[in-house]
Amino acid sequence: MKYMLLLTRGEWQENGTEDERQRVFGQLMEWFTRQRAESHVVEAAQLQPPGTATTVVIERGRSMLLDRPLLEAKEAIGGYAVLEVDNLDEAIAIARTFPVPDGKVEVRPVVER
Amino acid sequence: MLDRVFREEAGRLTASLVRLIGDFDLAEELVSEAMVEALEHWPSQGVPDRPAAWLLTTARRKALDRIRRQARYQEKLALLAALSDEASSRPDDRLSLIFTCCHPALSRDAQIALTLRAVVGLTTQEIARAYLCPEATIAKRILRAKQKIVAANIPYRVPEGPELKTRMDEVLTVIYLVFNEGYLATAGPTPLRRDLVLEAEWLAILVTRLMPEEPEPLGLLALIRLHLARWPARLDTSGRLVLLQDQDRSLWDRRAIGEAIRLIERAAARRHPGRYQVEAAIAAAHCEAPTWADTDWREVVDLYTLLLAIDPSPVVRLNRAIAVSHVDGPAPALAEVDQLAGTLDRYHLFHATRAALLRELGRAGEAAAADGMALELTRNPGERALLEQRLAMSEPTEA
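Residues numbered from 1 in each chain as written. Chains lettered and ligands numbered in written order. Predicted model: local features only at pLDDT ≥ 70, side-chain atom pairs only at ≥ 80, totals over all residues. Heavy atoms only, no water.

Draft legend 1. Region of the structure containing the interface of chain B and chain A. Of the residues lining the interface, 10 residues belong to chain B; the matching set on chain A comes to eight residues. Contact between chain B and chain A buries roughly 630 Å² in total, counting both sides, with carbon and sulfur atoms accounting for 57%. For chain B, the biggest contributors to the area lost against chain A are Ala 152, Asn 153 and Pro 155 of chain B; these three give 56% of the whole. Linking chain B with chain A are two salt bridges, by the criterion used here. In this structure, Asp 89 of chain A and Arg 167 of chain B form a salt bridge, with 3.7 Å as the shortest nitrogen-oxygen distance. Linking chain B with chain A are five residue pairs in polar contact (both at pLDDT 80 or more), by the criterion used here. Residues belonging to the side of chain B that touches chain A are distributed by class as follows: five nonpolar, two polar and three charged. (Contact = heavy atoms within 4.5 Å. Buried area = accessible area lost by both parts, 1.4 Å probe. Salt bridge = Lys/Arg side-chain N within 4 Å of Asp/Glu carboxyl O. Polar contact = N/O pair within 3.5 Å; in protein donor to acceptor, adjacent residues only side chain to side chain. Nonpolar A, V, L, I, M, F, W, Y, C, P; charged D, E, K, R; others polar.)

Written out as structure tokens, the structure reads:
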């Protein structure tokens, strides 16, 4: 079963020192390499900062653009990963090991057809 | 009689069906339908020799009927056809059900509602009445939880290894909260809800039976039973709440107290102390004292110190301070209580405790103000009556 992990940008990423960011990114690379090797992560990506986001709003068939991300700044999404595991407990167990000093991980099941 | 059969069998049957067909809604509906059929037939035709088997057969027949109509359950057909008496009595099914209902990915409210619905077998209406919620709110809460269990694939299993302890804490917390709401309702017309306490007792019995090696469920069961043993003394003849110190101890059920204390001893023999065992030991210390004045306060303080090491929460510190006042006097106790001012500002018993200590110290004006604060913060009718009475009695001494 597939689960999407939505990863927020933590304090370390927003306001941390360059040294801290480098250290955490190093841990993240290692983590993703290991999760991919164990076939838990099937897809993952880091996103450019929220300031680069454009939101397309569709209303009654017409569309307009907003020069900002979907979500509030304090919970800006910094990346995502798709897991392939047996159940929610396994997905949560992996999410808990996400190696950042602070941040949130939303675990959302993916509809399978 | 019917009630007991239903209670015992409904949970068991639901658990077996959930395991087999992996669908909460369907399992519950089938069990309710079988119960309805039993209610229609048993009173006139008599209770069958083996009521459990009768219910199982009926639920299975209904399941097969329904599944034939629903293509997406095709693959479950074979499983159901194989469902036998033996399968329905697999002891671990209900345990998996409890752990699933109390899964940490569900909100506390959802865990409680789902456990009362699926494990205890209360109707949505009964749960709504117990928690003074509109029935639609409870129904929506349960529906959302079930949908999440299915969509997110929350596994139906008893956790193992290091996970077991934290997951069991979750289950015991749910039972404890049901007990607590019954012990002293947060609101509503009745200050005490014995029905909810009995549901909590039943759940605790179930968990102790399913996990006989674990000491904490025994501790929780003992705690609930000690409070039940004191129940007849908790209200006076006009239905007003009576504080522990003023209770008529001849109304306490001595036999039940003795049995609960044996449960604590059985748990203690496992040598894994936990918060429920310690809370039960504190309740036992009160139950064993012939009068309030004869309470072994030294022991009570020691037990609270132990509890504080396990659960360093401000409410435990508050309770410990009360015990301290009986050993060292009101002044040092008040000093401890005052340290909690920031964290417990919104907790009525913080203010009520301060009021009692201030009154002992002869500071009547401050005591009345603290009682007033407490009164503003509780909606329990019994507690409100007590506080109002205390305020009325203290008025003449106020400057």
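Draft legend 2. Broad picture of helix H12 (residues 215-229) of chain B. With 15 residues, H12 of chain B should reach 21 Å at 1.5 Å per residue; the first-to-last C-alpha distance of 21 Å fits that figure. Burial runs high along H12 of chain B: 14 of the 15 residues are buried. (Helix = DSSP H or I, 4+ residues; strand = E, 2+ residues; numbered from the N terminus. Expected span 1.5 Å × (residues − 1). Buried < 20%, exposed > 50% of the residue type's maximum accessible area, 1.4 Å probe, protein only.)

Draft legend 3. Local environment of the environment of Leu 203 of chain B. Residue and element names in this part refer to chain B. In this structure, Leu 203 sits in helix H11 (residues 194-210). For Leu 203, a relative accessible area of 1% gives the class buried. Apart from the residues lying within four places of it in its own chain, the contact partners of Leu 203 are Thr 115, Val 119, Val 120 and Ile 175.

Draft legend 4. Layout of helix H17 (residues 330-338) of chain B. Residues and elements named next belong to chain B. Every buried residue belonging to H17 is among Pro 330, Ala 333, Leu 334 and Val 337, and all of these are buried. Taken end-on, H17 shows its buried residues confined to a sector of 100°, consistent with a single buried face. The secondary structure elements touched by the buried residues of H17 are helix H16 (314-328), helix H18 (341-344) and helix H19 (348-360). (Arc of directions from axis to C-beta.)

Draft legend 5. The sheet that holds strand E2 (residues 41-46) of chain A, seen in detail. Residues and elements named next belong to chain A. If you trace the four strands from one edge of the open sheet to the other, you get E2-E5-E1-E6, paired in antiparallel fashion. Because the sheet does not close on itself, it has two edges, and the strands there are E2 and strand E6 (105-109). Strand-to-strand twist across the sheet, computed as the mean angle between neighbouring axes with direction ignored, equals 15°. With five bridges joining them, E2 and strand E5 (residues 77-84) adopt antiparallel strand pairing. Among the inter-strand pairings, Ala 44 is bridged to a residue of E5, identified as Ala 81. Lying on the sheet, helix H3 (residues 88-96) is in contact with strand E1 (2-8), E5 and E6; it crosses E6 at an angle near 160°. (Pairing = 2+ DSSP bridges. Axes fitted to C-alpha atoms, helices over the stretch in contact; angles between N-to-C directions.)

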